[in-house]
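Architecture at a glance
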Amino acid sequence: MRWLIGILINAVLFIAFAGYFEGFHVSSFGAAVAASLVLSILNVLVRPLLILLTLPITLLTLGFFLLVINAVTLSMTDAIMGSKFEIDGFGLTFLIAVIMVLINLIIQKTILNPERNK
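Fair warning: this is a prediction, and the values are worked out from it, not measured in the lab.

From N to C terminus, the chain includes six helices and two strands. The N-to-C order of helical and strand elements in the chain reads α-β-α-α-α-α-β-α. Here the chain holds 118 residues, and 32% of them are scored as buried. A sequence separation of at least 24 residues applies to 60% of the contacts in the chain between residues at least 6 apart. With an accessible surface of roughly 7100 Å², the chain has 74% of that area assigned to carbon and sulfur atoms. Looking at the chain, you have 6 positive and 5 negative side-chain charges, and the mean spots of the two groups are 20 Å apart.

The following block contains the structure:
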């Protein structure tokens, strides 16, 4: 159930980003849900491999390189989805990845798991 909620939250974020950033395009809410699903699958299958391959630089940057890995998986989602989900440039992809991490962290800590903080 939490996985489905996460997919829906990311889909809503994609729609919001499409309205806010000029270089971010989503054709419909269905495309946003599909992109969120693809991103979720990539995070399960590809992200651990990327983390393992980039472990030295991740340790050297004290974990900040994980933001680049998040941007790479978002770029891969863009490539898989085609014209229904477009992000113009890696800089915008990185910015969106950082914002998504922050928003998902806030949602996790305040709404989904508030009892764990006590």
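Okay, back to it.
Moving on: the packing of helix 5 (residues 65–81) against helix 6 (residues 90–112). At their nearest, the axes of helix 5 and helix 6 sit 8 Å apart, and the two run at 115° to each other. Of the possible angle classes, the one that applies to helix 5 and helix 6 is roughly perpendicular. Crossing angle aside, the handedness with which helix 5 passes helix 6 is right-handed. Facing helix 5, whose interface residues are Leu 67, Val 68, Asn 70, Ala 71, Val 72, Leu 74 and Ser 75, helix 6 presents Phe 90, Thr 93, Phe 94, Ile 96, Ala 97, Val 98, Met 100 and Val 101. Its residues assigned to classes, the contact of helix 5 with helix 6 shows 12 nonpolar, three polar and no charged.

What follows is about the environment of Ile 103. Inspection of the secondary structure assignment puts Ile 103 in helix 6. For the pair Ile 103 and Leu 52, spaced 51 residues apart in the sequence, the C-alpha separation amounts to 25 Å.

Here we come to helix 1 (residues 2–20). With 19 residues, helix 1 extends 27 Å between its outermost C-alpha atoms, agreeing within 8% with the 27 Å of an ideal straight helix rising 1.5 Å per residue. Considered for burial, the residues of helix 1 that qualify are Ile 7, Ile 9, Asn 10, Ala 11, Leu 13, Phe 14 and Phe 17. Considering only its buried residues, helix 1 is in contact with strand 1 (24–26), helix 2 (29–45), helix 5, strand 2 (85–87) and helix 6.

This part is about the nonpolar core. Counting 24 residues, the largest nonpolar core has Phe 14, Phe 17, Phe 24, Leu 74, Phe 85, Ile 96 and Met 100 as its most contacted members. Where this core is concerned, the elements lending two or more residues are helix 1, strand 1, helix 2, helix 5, strand 2 and helix 6. Here the element with the most residues in this core is helix 2; it accounts for six residues. When neighbours within four sequence positions are excluded, Met 100 is seen to be in contact with Asn 10, Leu 13, Phe 14, Phe 17, Leu 39 and Leu 74.

Calculation criteria
Residues numbered from 1 in each chain as written. Predicted model: local features only at pLDDT ≥ 70, side-chain atom pairs only at ≥ 80, totals over all residues. Heavy atoms only, no water. Helix = DSSP H or I, 4+ residues; strand = E, 2+ residues; numbered from the N terminus. Buried < 20%, exposed > 50% of the residue type's maximum accessible area, 1.4 Å probe, protein only. Contact = heavy atoms within 4.5 Å. Areas by Shrake-Rupley, 256 points an atom, 1.4 Å probe, with all protein chains shown as cover. Lys, Arg positive; Asp, Glu negative; His and termini not counted. Charge placed at Lys NZ, Arg CZ, Asp CG, Glu CD. Axes fitted to C-alpha atoms, helices over the stretch in contact; angles between N-to-C directions. Parallel < 35°, antiparallel > 145°, perpendicular 65-115°, else oblique. Left-handed = near helix turned anticlockwise from the far one by under 90°. Nonpolar A, V, L, I, M, F, W, Y, C, P; charged D, E, K, R; others polar. Expected span 1.5 Å × (residues − 1). Core = buried A, V, L, I, M, F, W, Y, C linked by side-chain atoms within 4.5 Å.

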